[in-house]
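What follows is each chain in one-letter form.
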Amino acid sequence: MAPTRVLIDTDPGVDDAVAILLALASPEIEVVAVTAVAGNVPLDKTALNARRIVALADRHDIPVAAGRAEPLSAPVVEDSVVHGRDGLGDLDWDEPAVALDPRDGVELIAEMIGRGPLTIVAIGPLTNLAVLVQRHPGIDRSVAHLVIMGGASFQGNVTPAAEFNIWADPEAARVVFDADWPITLMPLDLTHQAYLTDDDLAYLRSLGTEVGRRVAAMLEPYAQFHERWYGNRDVIMHDAMAVYELLDAEAIEKQGVRVAVETDGVHSRGATFIDRRREHADSLVRVGLSVDNDLFRARLRERLATLKD
Ligand code: RIB
Ligand code: CA
């Protein structure tokens, strides 16, 4: 079976890094481009981090471009208590051998859509995708599949009501959910079921590869954040769920839904209302419900181990 053509839109981000490496290590996927968006840290840092991760996997063939620096109508997030000041756990990095592609990130997405069936994996705020459909009316109907990490049902992480990717640009999220493309959404309700443990970090270090060392190293401060925030060191692999969906469509249980985004609430801005009533069973939008974490961890270990120096 031919690999799925995939463009990753991202705000690296430690869990973005793991998701991107999983995609690059998986034969089911052909990553044709990576576009950065402002999110966990400002765009200059997310674009640099995307280059670092693609270079870490030695994939100099993949264009990395910068998209939007500012949300449609929300403030830019300057620092991340979750991902470190540089957005990747504040390790020491050499200048990446992967240069920044000079093309505008949003236009690179449009170009890749024009070249044939494309799946977009969106694992940061949805600003780039909102600007894409605003600039190119109807282009959403040419996208084969859009897999989004974002949203939550009656819970949040950046606020009690909102998940970060939606909260960081709720106006963009509303544009994206109102557009006409098949969406699979991986909300916190699902992603909190997928996490790595200290055994996995030890496994990564035991690989003796640069990928293993660096992923384990960037996950350490992420684990310390989890211990402060959730009381344990299990590191939640939010973004990897959007990639895992493309490795095995049966691995994550899903159902049809309708999604509404709150943009005006004083306490609820960025909240998603995921309507699972039966009338939406055949909706173009599906939500991930459950995943077997042991199977996910085993697959992630197997794939990251293939990324040799
Ligand atoms: O809420 C989790 C999401 O916010 C992930 O994409 C993570 O990288 C952060 O950006
Ligand atoms: Ca992210």
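Residues numbered from 1 in each chain as written. Chains lettered and ligands numbered in written order. Predicted model: local features only at pLDDT ≥ 70, side-chain atom pairs only at ≥ 80, totals over all residues. Heavy atoms only, no water.

Draft legend 1. Representation of the overall build of the protein chain within the structure. Looking only at helices and strands, one finds 11 helices and 12 strands in the protein chain. Radius of gyration (C-alpha) of the protein chain: 18 Å, near the 19 Å computed for a compact globule of 309 residues. Overall, the C-alpha framework of the protein chain stretches about 50 × 40 × 40 Å when taken along its three principal axes. Residues counted as buried form 60% of the 309 residues belonging to the protein chain. For the protein chain, long-range pairs separated by at least 24 residues make up 80% of all intrachain contacts whose partners lie at least 6 apart in sequence. (Helix = DSSP H or I, 4+ residues; strand = E, 2+ residues; numbered from the N terminus. Rg over C-alpha atoms; globule rule 2.2 N^0.38 Å. Buried < 20%, exposed > 50% of the residue type's maximum accessible area, 1.4 Å probe, protein only. Contact = heavy atoms within 4.5 Å.)

Draft legend 2. Highlighting the layout of surface pockets. Reported here for the largest pocket is a volume of approximately 430 Å³. In terms of lining residues, the largest pocket is bounded by 26 residues, among which Asn40, Val82, His83, Asn157 and Phe164 are the most central. Of all the elements in the fold, those that place two or more residues in the lining of the largest pocket are helix 1 (14-24), helix 5 (164-167) and helix 9 (210-230). The residue inventory of the lining of the largest pocket, partitioned by class, reads 13 nonpolar, seven polar and six charged. The volume enclosed by the second largest pocket comes to roughly 160 Å³. The wall of the second largest pocket is formed by Arg52, Ala55, Leu56, Asp92, Trp93, Asp94, Glu95, Pro96, Ala97, Glu210 and Arg214. For the lining of the second largest pocket, the elements supplying multiple residues, two or more each, are helix 2 (43-56) and helix 9. Examining the composition of the lining of the second largest pocket, we find that three residues originate from one element, helix 2, more than from any other. Looking at the lining of the second largest pocket residue by residue, the classes come out as five nonpolar, no polar and six charged. (1 Å grid on protein atoms, 1.4 Å probe; cavity = no way out; pocket = protein on both sides within 12 Å on 5 of 7 lines; lining within 4 Å. Points joined across faces, edges and corners; volume = space filled by probe spheres on them. Nonpolar A, V, L, I, M, F, W, Y, C, P; charged D, E, K, R; others polar.)

Draft legend 3. Focus on the nonpolar core. Membership of the largest hydrophobic core comes to 62 residues, with the highest contact counts inside it found for Ile8, Leu21, Leu219, Met237, Met241 and Phe296. By residue number, the principal contributor to this core is helix 1, which donates nine residues. Leu21 has contacts with Ile53, Leu56, Ala57, Val211, Val215, Leu304 and Leu307, leaving out every residue within four places of it along the chain. Counting residues in each nonpolar core, the second largest holds 39 residues, with Ala33, Leu118, Leu126 and Val143 among its members. (Core = buried A, V, L, I, M, F, W, Y, C linked by side-chain atoms within 4.5 Å.)

Draft legend 4. Spotlight on the packing of helix 10 (residues 240-247) against helix 11 (residues 293-304). Put simply, helix 10 and helix 11 touch, their axes get as near as 12 Å, and they point 85 degrees apart. In this view, helix 10 runs roughly perpendicular relative to helix 11, as classed from their interaxial angle. Each of Ala240, Met241, Tyr244 and Leu247 in helix 10 lies in contact with helix 11, whose residues at this interface are Leu295, Phe296, Arg299 and Arg303. (Axes fitted to C-alpha atoms, helices over the stretch in contact; angles between N-to-C directions. Parallel < 35°, antiparallel > 145°, perpendicular 65-115°, else oblique.)

Draft legend 5. Region of the structure containing the packing of helix 1 against helix 10. Packing of helix 1 against helix 10 brings their axes to within 8 Å, and their N-to-C directions diverge by 20 degrees. Judged on the interaxial angle alone, helix 10 and helix 1 are roughly parallel. Every pair of crossing elements has a handedness; the one defined by helix 1 and helix 10 is left-handed. Residues Asp15, Ala19, Leu22 and Ala23 of helix 1 pack against Ala240, Val243, Tyr244 and Leu247 of helix 10. Counted by class, the contact of helix 1 with helix 10 contains seven nonpolar, no polar and one charged residues. (Left-handed = near helix turned anticlockwise from the far one by under 90°.)

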